[in-house]
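Report on the structure
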Amino acid sequence: MKRVYVVWIILAFVILMCVFGLWSTYDSTATMTQKIETIAQKIENGDLSEAQALSQEAEQAWGQCHRSLCTFMGHERLEIIDRELAALPIALAYGEESQAAVQCAQLIEYMEQLKSTEVPLLENIL
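A short tour of the structure in this document, coming up. This one's a predicted model, so the numbers in the text were calculated from it and none came from an experiment.

Over its 22 residues, helix α4 (residues 97-118) extends 32 Å from the first C-alpha to the last, a length consistent with the 32 Å expected when each residue adds 1.5 Å. Here α4 has its buried residues at Ala100, Gln103, Cys104, Leu107, Met111 and Leu114. Within α4, the buried residues cover an arc of 105° as seen down the axis, which keeps them to one side. At its buried positions, α4 is contacted by α1 (2-44), α2 (48-69) and α3 (75-93).

Counting through the fold element by element, threonine 29 comes out in helix α1. Residue threonine 29 is classed as buried on the basis of its relative accessible area, which comes to 1%. Dropping the residues within four chain positions of it, threonine 29 is found in contact with Met111, Leu114 and Lys115.

Let us now look at the nonpolar core. Counting residues in hydrophobic clusters, the biggest one holds 24 residues, and the most contacted among them are Met32, Ile39, Ile43 and Trp62. Mapped by element, the contributors of at least two residues to this core are α1, α2, α3 and α4. It is α2 that provides the largest number of residues to this core, a total of eight residues. Setting aside anything within four residues of it in sequence, one finds tryptophan 62 in contact with Met32, Leu69, Leu78, Ile81, Asp82, Leu85, Met111 and Leu114.

Taken as a whole, this structure holds one aromatic pair when the rule is applied. An angle of 35° between the planes, with centres 6.0 Å apart, marks the rings of phenylalanine 20 and tryptophan 23 as tilted. With phenylalanine 20 and tryptophan 23 both in helix α1 and three residues apart, this pair spans about one turn of that helix. When the ring centre of tyrosine 26 is taken as reference, the NZ or CZ atom of lysine 115 above it lies at 5.9 Å.

Right, let's talk about the environment of glutamine 56 for a bit. By secondary structure assignment, the location of glutamine 56 is in helix α2. Given the relative accessible area of 39%, glutamine 56 is considered partly exposed. Distance from glutamine 56 to lysine 35, taken between C-alpha atoms, is 11 Å for residues 21 residues apart in sequence.

Another aspect to go through is α2. In a regular helix each residue adds 1.5 Å, so 22 residues correspond to 32 Å; α2 covers 30 Å between its end C-alpha atoms and thus fits that length. All buried positions along α2 are accounted for by Leu48, Ala51, Leu54, Ser55, Ala58, Ala61, Trp62, Cys65, His66 and Leu69. The elements touched by buried residues of α2 are α1, α3 and α4.

Thresholds applied
Residues numbered from 1 in each chain as written. Predicted model: local features only at pLDDT ≥ 70, side-chain atom pairs only at ≥ 80, totals over all residues. Heavy atoms only, no water. Helix = DSSP H or I, 4+ residues; strand = E, 2+ residues; numbered from the N terminus. Expected span 1.5 Å × (residues − 1). Buried < 20%, exposed > 50% of the residue type's maximum accessible area, 1.4 Å probe, protein only. Arc of directions from axis to C-beta. Contact = heavy atoms within 4.5 Å. Core = buried A, V, L, I, M, F, W, Y, C linked by side-chain atoms within 4.5 Å. Phe/Tyr/Trp six-rings, centres within 6.5 Å; stacked < 30°, edge-to-face > 60°. Lys NZ or Arg CZ within 6 Å of the ring centre and 35° of its normal.

Function cannot be read off these values alone, since they describe shape.
Below, the structure written as structure tokens:
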């Protein structure tokens, strides 16, 4: 009978970890998407200095998100976002508005893909 209790405890722990991973993914992607959309708006309005400051803040915030997300998912997908976020302040520093706007759009798309691929649906499992 003790084995049954141990199995139930392990099962509950695994389910809690899965739920925490899903919640963490949703929270991180929502936060980062909001930050990137704000940067894109600043770029559209021509406020490159503010956009550059926000992009540096977003890069630091992503560092925190990356640490929690790498527990639940592969590093390859997260490193793509790392590279794009690292390049964004540089593009803004050189005044390349169009390049920065493209990077913001790509980052938003990466965040959506990250969120959608972590949902436990049949299409993601197969």
